Amino acid sequence: MDVYKIKGGKPLQGTIKVSGAKNSAVALIPASILADSPVTIDGLPEISDVLTLQALLEEIGGQVRFDKGKMIIDPSEMVAMPLPNGNVKKLRASYYLMGAMLGRFKNAVIGLPGGCHLGPRPIDQHIKGFEALGAKVTNEHGAIYLRADELRGAKIYLDVVSVGATINIMLAAVRAKGRTIIENAAKEPEIIDVATLLSNMGAKIKGAGTNVIRIEGVERLHGTKHTIIPDRIEAGTFMIMAAVAGSGITIDNVIPLHVEALTAKLREMGVKIEEREEQIYIPKSRKLQAVDVKTLVYPGFPTDLQQPFSVLLTQAVGSSVITDTVYSARFKQIDELRRMNADGRVEGRSAILSGPKPLQAATVRASDLRAGAALVIAGLIADGETEIQEIQHIERGYSSLIPKLQGIGADIRKVTIPEKAVVSE
């Protein structure tokens, strides 16, 4: 079993670089299916989710080369091969294969997606969009079957603001006949990134980044070259780490506009932040003040940063309440932080944390990707050596995390230990 071992209390200083956006990558790669010639994507993070998607494209006949963040995808020989099981189960974003394969082949068979267990995350809005475009969607033996004689543009109102549904409907609609209008669309930067790729492939999309997206369907899309945006969640994770454990850290390759909600909360806590064109500098923080936080859809405070931010709140003076309006079950890190001496409890959709409380090393388990990131930050400030288990969740979303942290002075390493007592639920 692979684990991370972290000796806390080391001074962290220097520059740490942000990789390409994980939440863009998992949509950009499936989008390449829609082209009829090679697509090149630069700056991809070297994470397990990207490698899983590479394997899935190869399963349906794609020729894929991936090296040093650059992926070249030749989709010309792809076929509508059913993907009911296997790699599809390894990541949530495998559902983007539905929209892409439906758009190109007018049929697809995709197993129900996997990924982190964060409570109910239904794909009903995705299905609503596909059906509005003319597809018949059925659930057969644990896989989603999508079939259409042809796809026709439609007006689609999303009942819930959903990044996944917005992108998935875009993927299917770009090759539908006529105009599609997506109302109550999500506004995340990753949606703009996907729309930019599709537009460079020949799609006609207006309004990405607003709540109304208009798409004029085209008959064919061609290959292109695209550079992915920086990962705002990784940037935010490093900002939180710098605020709680840093002695002067520069976060490189970041778009400050994409992390404004976090920046505002950090400043409210007393953290000094210097914004540059593509960098953010955070000096050593002195006294942190408690704040209340509520996660919201973009441009609000990201649910993906709720768990790392909870570690920061354990070191703030006073009592803080962090409420997650997006995923009600996303507080599994709190019990692990309590193992490390944190003062916290969960009440409904909120966690209440009081501090400052010195953290102590313990053996803990990453229940999901962002909970794992929270435990890494906790380990960096804890007294003693922390062992983090189930690190495969962390490696789904953070590229080259250990060398990046070692580069600013962290004592962290990945080791293989015998299968022994794993932390219980």
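Our structure is the block above this text.
Thresholds applied
Residues numbered from 1 in each chain as written. Predicted model: local features only at pLDDT ≥ 70, side-chain atom pairs only at ≥ 80, totals over all residues. Heavy atoms only, no water. Pairing = 2+ DSSP bridges. Helix = DSSP H or I, 4+ residues; strand = E, 2+ residues; numbered from the N terminus. Axes fitted to C-alpha atoms, helices over the stretch in contact; angles between N-to-C directions. Parallel < 35°, antiparallel > 145°, perpendicular 65-115°, else oblique. Contact = heavy atoms within 4.5 Å. Nonpolar A, V, L, I, M, F, W, Y, C, P; charged D, E, K, R; others polar. Buried < 20%, exposed > 50% of the residue type's maximum accessible area, 1.4 Å probe, protein only. Left-handed = near helix turned anticlockwise from the far one by under 90°.

Even after reading the chapter, I still don't get the sheet that holds strand β14 (residues 246-252), so can you show me in this structure?
Sheet strands pair by backbone hydrogen bonding; their relative direction is either parallel or antiparallel. Spatially, the 4 strands line up as an open sheet ordered β2-β14-β16-β15, and their pairing is mixed. Each having just a single partner strand, β2 (12-17) and β15 (274-275) make up the two edges of the open sheet. As paired strands, β14 and strand β16 (residues 279-282) are joined by 4 bridges and run antiparallel to one another. Within β16, the residue paired with T250 across the bridge is Y281.

What is the right way to read the packing of helix α1 (residues 22-31) against helix α2 (residues 48-59) from this model?
Think of two packed helices as two axes; the pair is described by the angle between the axes and how far apart they sit. Running from N to C, α1 and α2 point in directions that differ by 5°, and their axes come no closer than 10 Å. The orientation of α1 relative to α2 falls into the category roughly parallel. Packed against α1, whose contacting residues are K22, A25, V26, I29 and P30, the element α2 presents D49, V50, L53 and L57 at the interface. Here the residues of the contact of α1 with α2 sort into 7 nonpolar, no polar and 2 charged.

What is the right way to look at unusual backbone geometry in this model?
Looking along the chain, the bond that leaves Y298 and enters P299 is cis, with omega of 15°. Among the structural elements, P299 can be located in the loop between β17 (293-295) and α9 (306-313). Cis peptide bonds are those with omega within 30 degrees of zero, and the linkage from G355 to P356 qualifies with 0°. Looking at the element boundaries, P356 is found in the loop between β20 (350-355) and β21 (363-365). In this structure, S400 takes a positive phi of about 55° despite not being glycine. One can find S400 in the loop between α12 (392-395) and α13 (401-406). Residue S400 is classed as partly exposed on the basis of its relative accessible area of 38%.

So what exactly am I meant to see when it comes to the packing of helix α3 (residues 96-105) against helix α5 (residues 163-173) here?
Orientation of α3 relative to α5, taken along the N-to-C sense of each, is 15°, at an axis distance of 7 Å. Taken together, α3 and α5 sit at an angle that is classed as roughly parallel. Note that α3 runs across α5; the crossing there is right-handed. On α5, the residues touching Y96, M98, G99, A100, L102 and G103 of α3 are V163, G164, I167, N168, L171 and A172. Split into classes, the residues belonging to the contact of α3 with α5 amount to 8 nonpolar, 4 polar and no charged.

Mind showing me how you'd approach the pairing of β14 here?
Consecutive side chains along a regular strand alternate between the two faces of the sheet. Of all 7 residues in β14, 5 are buried, a share of seventy percent or more. Direction of pairing for β2 relative to β14: parallel, over a ladder of 5 bridges. Across the sheet, T15 pairs through a bridge with T250, a residue of β14.

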